[in-house]
Amino acid sequence: MKLAGRVALVTGGAGGLGGAIALGAAEAGAAVAILDVKGVDDAVAHLHSLGFRAAGRTVDVRDGKAVASAVESLAAELGPIDTLIAAAGGSLGTPRDLDDISEDDLDLVLDVNIKGTFHCARAVLPFMRQAGRGAIVTFSSIGGRSASPVTGVPYAAAKAGLLGLTRRLAKEVGGENIRVNAIAPGLFLTDRLQGMFDALPEADRREVIDSIPLGRMPRIQECVDPVLFLASDESSYITGVVLDVNGGRFMAG
Ligand SMILES: NC(=O)c1ccc[n+]([C@@H]2O[C@H](COP(=O)([O-])OP(=O)(O)OC[C@H]3O[C@@H](n4cnc5c(N)ncnc54)[C@H](O)[C@@H]3O)[C@@H](O)[C@H]2O)c1
């Protein structure tokens, strides 16, 4: 119960990784608040059906005012939010290749990943100050740490940019007992990605697995556990870092 008594806001909490993290946070003892653009009612109903305290709001994280008012009403319902796991993001269906990328694609990826994380972090900070502690986990990616064969320049820029956001914010709020760290997952086969992976020719799938020193694809729980580590007091003296969770596919120098 490493998050006993905590109130954790999980953005993208109706998605593949976010949904698993929301469940993991609830199992670790937190009350869970979910923000997502879709699937919120089902995600919250699922947590309620398992007996957990949870609430959610359907919000676009790009909209700072909407985020602030949703966070305020979630805090009124569940208690002061002391944990933020900012998983809303991704390459969001935008093309990989430079010539195919429109300005709208660029705006979408930068705005959801970076602006969305900024808005959510700023909205939860007053509640973390009220609680006297806080932990924020931002979502980078192996695609922000090295050149990805799958995602394009906007995703690489957004996920690398989030590392700057993470470090700068960690410096700014560290004195208030608030820690800010990033997780950088490799490829995790959520329901959305499993079909895509299965449809690849055997040789391509083999190539992906051969590029992973641990020699296998991860279980979803192997992303959930490191996120909960960064969110909990188990990492109480860690701030401003990025935790690569990729089976060794990218190793930082
Ligand atoms: N799955 C992976 O292999 C992988 C690898 C590296 C990083 N990541 C990162 O992990 C995070 C979660 O990825 P996932 O694989 O679970 O993807 P996902 O698409 O299953 O989940 C993302 C969630 O974010 C929500 N979302 C999208 N735009 C939003 C917006 N404007 N406002 C609010 N919510 C919005 C979606 O509705 C979805 O529920 C993302 O930031 C992604 O970039 C994933």
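Check the entry above for the structure.
Each value, and the rule that gives it
- Residues numbered from 1 in each chain as written.
- Predicted model: local features only at pLDDT ≥ 70, side-chain atom pairs only at ≥ 80, totals over all residues.
- Helix = DSSP H or I, 4+ residues; strand = E, 2+ residues; numbered from the N terminus.
- Rg over C-alpha atoms; globule rule 2.2 N^0.38 Å.
- Buried ≥ 20, exposed ≤ 12 C-beta atoms within 10 Å, placed from the backbone.
- Contact = placed C-beta atoms within 7 Å.
- Near = placed C-beta within 6 Å.
- Nonpolar A, V, L, I, M, F, W, Y, C, P; charged D, E, K, R; others polar.
- Pairing = 2+ DSSP bridges.
- Axes fitted to C-alpha atoms, helices over the stretch in contact; angles between N-to-C directions.
- Parallel < 35°, antiparallel > 145°, perpendicular 65-115°, else oblique.
- Left-handed = near helix turned anticlockwise from the far one by under 90°.
- Core = buried A, V, L, I, M, F, W, Y, C linked by C-beta atoms within 7 Å.
- Right-handed = clockwise from strand over helix to strand, strands pointing away.

Draft legend 1. Here's a closer look at the overall build of the chain. Within the chain, the secondary structure is distributed over eight helices and seven strands. Its C-alpha atoms give the chain a radius of gyration of 17 Å, near enough to 18 Å, the size a compact globule of 253 residues would have. Over its C-alpha atoms, taken along the principal directions, the chain stretches across nearly 50 × 35 × 35 Å. Counting the 253 residues in the chain, one finds 44% classified as buried. When contacts within the chain are restricted to residue pairs at least 6 apart in sequence, those whose partners lie at least 24 apart make up 69%.

Draft legend 2. Fine view of the site of the ligand. Neighbouring the ligand are 27 residues; Gly12, Gly15, Gly16, Leu17 and Gly89 lie closest to it. For the shell around the ligand, the secondary-structure elements that each account for two or more residues are helix H1 (16-27), helix H4 (103-131) and helix H6 (191-198). Of the residues forming the shell around the ligand, the biggest block, three residues, is contributed by H1. Taken together, the residues that form the shell around the ligand break down as twelve nonpolar, ten polar and five charged.

Draft legend 3. Examining the sheet that holds strand S4 (residues 83-86) more closely. The parallel open sheet is built from seven strands, whose spatial order is S3-S2-S1-S4-S5-S6-S7. In this open sheet, the two edge strands, each paired with only one partner strand, are strand S3 (54-58) and strand S7 (242-245). For this sheet, the mean angle separating the axes of adjacent strands, direction not counted, is 15°. One ladder, built from five bridges, connects strand S1 (residues 7-11) with strand S2 (residues 31-36); its direction is parallel. Counterpart to Thr11 in the pairing with S2 is Leu35.

Draft legend 4. A look at the packing of H1 against helix H8 (residues 221-231). At their nearest, the axes of H1 and H8 sit 9 Å apart, and the two run at 55° to each other. Between H1 and H8, the interaxial angle falls into the category oblique. As for the relative orientation of H1 and H8, their crossing is right-handed in sense. Where H1 approaches H8, its residues Leu17, Ala20, Ile21, Gly24 and Ala25 are matched on the opposing element by Cys223, Val224, Val227 and Leu228. In the contact of H1 with H8, the residues fall into eight nonpolar, one polar and no charged.

Draft legend 5. The nonpolar core, seen in detail. Ala8, Val32 and Val124 are the most contacted members of the largest nonpolar core, which has 72 residues in total. The biggest single contributor to this core is H4, with eleven residues. Contacts of Ala8, omitting those with residues within four sequence positions, involve Leu3, Ala25, Ala30, Val32, Ala33, Thr83, Ile85 and Ala231.

Draft legend 6. A look at the environment of Asp36. Position of Asp36 relative to the elements: it lies in strand S2. For Asp36, the residues in contact, after removing those within four places along its chain, are Gly12, Gly13, Ala14, Gly15, Thr58 and Ala88.

Draft legend 7. Highlighting the environment of Asn177. Secondary-structure assignment places Asn177 in the loop between helix H5 (153-173) and strand S6 (178-185). Classification of Asn177 as partly exposed rests on a count of 15 C-beta atoms within 10 Å. Expressed as a C-alpha distance, the spacing of Asn177 and Ala131, which sit 46 residues apart in the sequence, is 9.8 Å.

Draft legend 8. Highlighting the packing of H4 against H5. Here H4 crosses H5 at 20°, and the two axes come no closer than 9 Å. As summarised for this structure, H4 and H5 are arranged roughly parallel, according to the angle between their axes. H5 is crossed by H4, and the crossing has right-handed handedness. Contacts between H4 and H5 involve Asp105, Leu106, Val109, Leu110, Asn113, Ile114, Thr117, Phe118, Ala121 and Leu125 from the former and Pro154, Tyr155, Ala157, Ala158, Lys159, Gly161, Leu162, Leu165, Leu169 and Val173 from the latter. A per-class count over the contact of H4 with H5 returns 15 nonpolar, three polar and two charged.

Draft legend 9. Here's a closer look at the pairing of S2. Along S2, six of the six residues are buried, which leaves the element largely enclosed by surrounding structure. Covered by surrounding structure in S2 are Ala31, Ala33 and Leu35 together with Val32, Ile34 and Asp36, the residues of both alternating faces. The parallel pair S1 and S2 is bridged by H1, and the resulting crossover is right-handed. Bridge analysis of S2 against S3 gives five bridges, and the strand direction is parallel. Among the inter-strand pairings, Val32 is bridged to a residue of S3, identified as Ala54. For the segment spanning S2, helix H2 (residues 40-49) and S3, crossover handedness is right-handed.

This is a description of form; function is not addressed.
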